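Descriptive structure summary
Given next are the chains, with one letter for each unit.
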Amino acid sequence: MKLERTLWHPVALAHAVGASPAAATLLGEDLVLWRDAAGRAHAWMDQCPHRGARLSLGRVARGELECPYHGWRFEAGGQCTHIPAVPDFKPGPRHCARAYDAREAYGMVWVRLATPENEARPIHDLPAFAAEAEPRLRKTTSGPYVVNASAPRIIENFLDMAHFGHVHEGWLGSRAHTAIPPYEVRPTPRGVLATGCLAWQPRSSIHAESGAQVEYTYEVTAPYMAVLTKVPEAGSTAIDGMNEAIAMFVCPVTEETSVAWTRMAMNDFDSPDARLIDFQDTIFGQDRPVLESQRPKRLPLAPDAEVHSAADRISSAYRRYLRDSGITFGVIP
């Protein structure tokens, strides 16, 4: 069993899974997402066990998922309850859709395709985003961003400060301030943590009118997820003890294609959602063409596969974490 199938992955915004079935793809597997009469989210293989039609083309009727081809209906656990062509027949265990584990967190629906043999490993936990639990921070999500790039390439880009002055000039960086001072990196039970990360930014926040040296903490909390925490600037109106945080959630669709979202936990309660999302849309829009240009598309993990600099300490640590964890999807071992 591939490790990636036993991990929790984001597949859709929770509010995007509503009264009608929705299609998604995870690790090359087509899924149908839907909600039962109680509002619980479910994720199944997008294939009717009868004649293989896509269940995502069907409908939800009386809290059950109905196949678009012959109208077979399936209850929340996947068992077929009704076959219109033979209404008196009681479907048996083989008349069952293939269901996967699904749960909601951080405004997303998360799915895993297989149950791990040892759930005690931290890698099998739902990826951590501590800021979500802080009620004094405002939460909003941008995306989905469909990208022709592997999930690890997207996470590595999120962790990279050295590209700010080139890819995000005038927004997150400046060509006149591209030096990255040394920072600390260490492994954690969940992944990798980098502290003391300093970068000069011409717009240190959405409201900033002048540049400033900004300090970040970066944490990889799962193979395809990372969190950026901003240390408040002196004299800012930040809530004491509450640091703004942005999480990058990536769904590995195929080895070389992905869907990404950013989940923001902010102390900005004045800007409309559209302004916060537009800012993230702009930043990701600048990243996308570079991400899609990278070759190879999958992230190479061999230390000598690509050359490195001292500014790449977190990137190198992330690659070691993926290799040591046994991740094979989206990477070149």
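Residues numbered from 1 in each chain as written. Predicted model: local features only at pLDDT ≥ 70, side-chain atom pairs only at ≥ 80, totals over all residues. Heavy atoms only, no water.

Side note on the packing of helix H1 (residues 151-159) against helix H4 (residues 313-325)
Where we set the bar: Note on geometry: axes are C-alpha line fits, over the in-contact stretch for helices, and angles between N-to-C directions span 0 to 180 degrees. Numbered from the N terminus, helices here are DSSP runs of H or I no shorter than four residues, and strands are runs of E no shorter than two. Should an angle lie under 35 degrees it is considered roughly parallel, over 145 roughly antiparallel, and from 65 to 115 roughly perpendicular; all remaining angles are considered oblique. Helix crossings are classified by the rotation of the near helix relative to the far one: an anticlockwise turn of less than a right angle makes the crossing left-handed, while a clockwise turn makes it right-handed. We call two residues in contact when some of their heavy atoms are within 4.5 Å. When residues are grouped by polarity, Ala, Val, Leu, Ile, Met, Phe, Trp, Tyr, Cys and Pro land in nonpolar, Asp, Glu, Lys and Arg in charged, and all others, Gly among them, in polar.
Interaxial distance between H1 and H4 falls to 9 Å at its minimum, and their mutual angle equals 150°. Between H1 and H4, the crossing angle belongs to the class labelled roughly antiparallel. In this structure, the crossing between H1 and H4 has a hand that is right-handed. Touching Pro152, Arg153, Ile155, Glu156 and Leu159 of H1 are Ile314, Ser315, Tyr318, Arg319 and Leu322, all from H4. Residues of the contact of H1 with H4, tallied by class, amount to six nonpolar, one polar and three charged.

Notes on the pattern of salt bridges
Applicable threshold: The term salt bridge refers to a pairing of a side-chain nitrogen on Lys or Arg with a carboxyl oxygen on Asp or Glu at a separation within 4 Å. For the exposure calls, accessible area comes from a 1.4 Å probe over protein chains only, and a residue counts as buried if that area is under 20% of its type's maximum, exposed if over 50%, partly exposed in between.
Applying the stated criterion to the full structure yields 16 salt bridges. Ionic pairing is found between Glu29 and Arg5, a salt bridge with its closest N-O pair at 3.7 Å. Taken as a pair, Glu29 in strand E3 (residues 29-35) and Arg5 in the segment before strand E1 (9-13) lie far apart in primary sequence, 24 residues in all. Assessed through its relative accessible area of 15%, Glu29 is described here as buried. The partly exposed category is assigned to Arg5, whose relative accessible area is 21%. Two residues, Glu169 and Arg175, come together in a salt bridge whose shortest N-O distance is 2.9 Å.

Description of H4
Note on helix geometry: an α-helix contains 3.6 residues per turn, so any two residues three or four positions apart are oriented the same way. What counts here: Each helix should span, by expectation, one fewer than its residue count multiplied by 1.5 Å.
Counted at 1.5 Å a residue, the expected span for H4 with its 13 residues is 18 Å, and the 18 Å between its end C-alpha atoms agrees. Taken together, the buried positions of H4 are Ile314, Ser315, Ser316, Ala317, Tyr318, Arg319, Tyr321, Leu322 and Ser325. Each element contacted by the buried residues of H4 is listed here: H1, strand E12 (184-187), strand E13 (192-201), strand E14 (212-222), strand E18 (299-300) and strand E19 (331-332). Count one or two residues on from H4 and you reach Gly326, which has phi positive near 90°.

Re the packing of aromatic side chains
Two aromatic rings, taken as a pair, are described by how far apart their centres are and by the angle between their planes. In plain terms, the rule: Within 6.5 Å between ring centres, the rings of Phe, Tyr and Trp (the latter by its six-membered ring) count as paired, and their orientation is classed by plane angle as stacked under 30 degrees, edge-to-face over 60, tilted in between.
Scanning the entire structure with this criterion turns up 11 aromatic pairs. For the pair Tyr106 and Phe249, a centre-to-centre distance of 5.9 Å together with 15° between the ring planes defines the contact as stacked. One end of the pair, Tyr106, is in the loop between strand E9 (99-105) and strand E10 (108-112); the other, Phe249, is in strand E16 (residues 245-254), and 143 residues separate them in sequence. Taking the relative accessible area as the measure of exposure, Tyr106 reaches 14% and is therefore buried. Ring geometry for Tyr216 against Tyr218: centres 6.0 Å apart, planes inclined by 65°, an arrangement best described as edge-to-face. Every member of this aromatic cluster is reached through a ring pair, and the members are Tyr106, Trp110, Phe129 and Phe249.

Observations concerning helix H3 (residues 273-293)
To keep it simple, the criterion reads: Note that bend, as reported per residue, equals the angle between axes fitted to the 7 residues terminating at that residue and the 7 residues originating from it.
An ideal rise of 1.5 Å per residue puts 30 Å on 21 residues; H3 measures up with 31 Å between its terminal C-alpha atoms. The largest bend in H3 is about 30°, located at Asp287, with the proline Pro289 one to four residues further on. Buried residues of H3: Leu276, Phe279, Gln280, Ile283, Phe284, Asp287 and Leu291, and no others. At its buried positions, H3 is contacted by strand E11 (138-147), H1, helix H2 (164-167), E16 and strand E17 (257-266).

Considerations on the sheet that holds E14
Within a sheet, neighbouring strands are paired by backbone hydrogen bonds and run either parallel or antiparallel to one another. How we decide: If DSSP finds at least two bridges between two strands, the strands pair.
An order of E11-E17-E16-E15-E14-E13-E12 is seen for the seven strands of this open sheet, with the pairing classed as antiparallel. The two strands at the open ends of the sheet, each matched to only one other strand, are E11 and E12. Averaged over all pairs of adjacent strands, the angle between their axes in this sheet comes to 20°, without regard to strand direction. Of the pairings in the sheet, the one linking E13 to E14 comprises eight bridges and is antiparallel in character. The partner of Leu198 across the bridge, within E14, is Glu215. Each of E12, E13 and E14 is contacted by H4, which is oriented at about 155° to E13, the strand it contacts most.

Considering the nonpolar core
This is how the line gets drawn: Only buried residues count toward a nonpolar core, which is a set of Ala, Val, Leu, Ile, Met, Phe, Trp, Tyr and Cys residues joined through side-chain atoms within 4.5 Å.
Val11, Trp110, Val111, Phe129, Leu159 and Tyr218 are the most contacted members of the largest nonpolar core, which has 86 residues in total. Sort the elements by how many residues they give to this core and E16 lands first, with eight residues. Sequence-distant contacts of Tyr218, that is, excluding residues within four places in its chain, are made with Phe158, Leu159, Met161, Phe164, Val192, Leu193, Ala194, Cys197, Val227, Leu228 and Ile314. In this structure, Trp34, Trp44, Ile83 and Ala97 belong to the second largest nonpolar core, which totals 13 residues.

What to know about the sheet that holds E10
With antiparallel pairing, six strands are arranged side by side in an open sheet as E1-E10-E9-E4-E3-E2. This sheet does not close on itself; its edge strands, each paired only once, are E1 and strand E2 (22-26). Between one strand axis and the next, the sheet turns by 35° as a mean value, whatever way the strands run. For E9 and E10, the ladder comprises five bridges, and the chain directions are antiparallel. When the bridges of E10 are listed, Asp101 appears paired with Arg112.

Focus on the side chain of Ser142
Definition in use: Any N or O atom pair separated by 3.5 Å or less is treated as a polar contact, with the protein-specific requirement of one donor-capable and one acceptor-capable atom, and with residues adjacent in sequence counted only for side-chain atom pairs.
Its location among the elements puts Ser142 in strand E11. Polar side-chain contacts of Ser142 include one of 2.9 Å to the side chain of Tyr145. Sequence-distant contacts of Ser142, defined by excluding residues within four places in its chain, comprise Trp261, Thr262, Met264, Ile277, Gln280 and Asp281.

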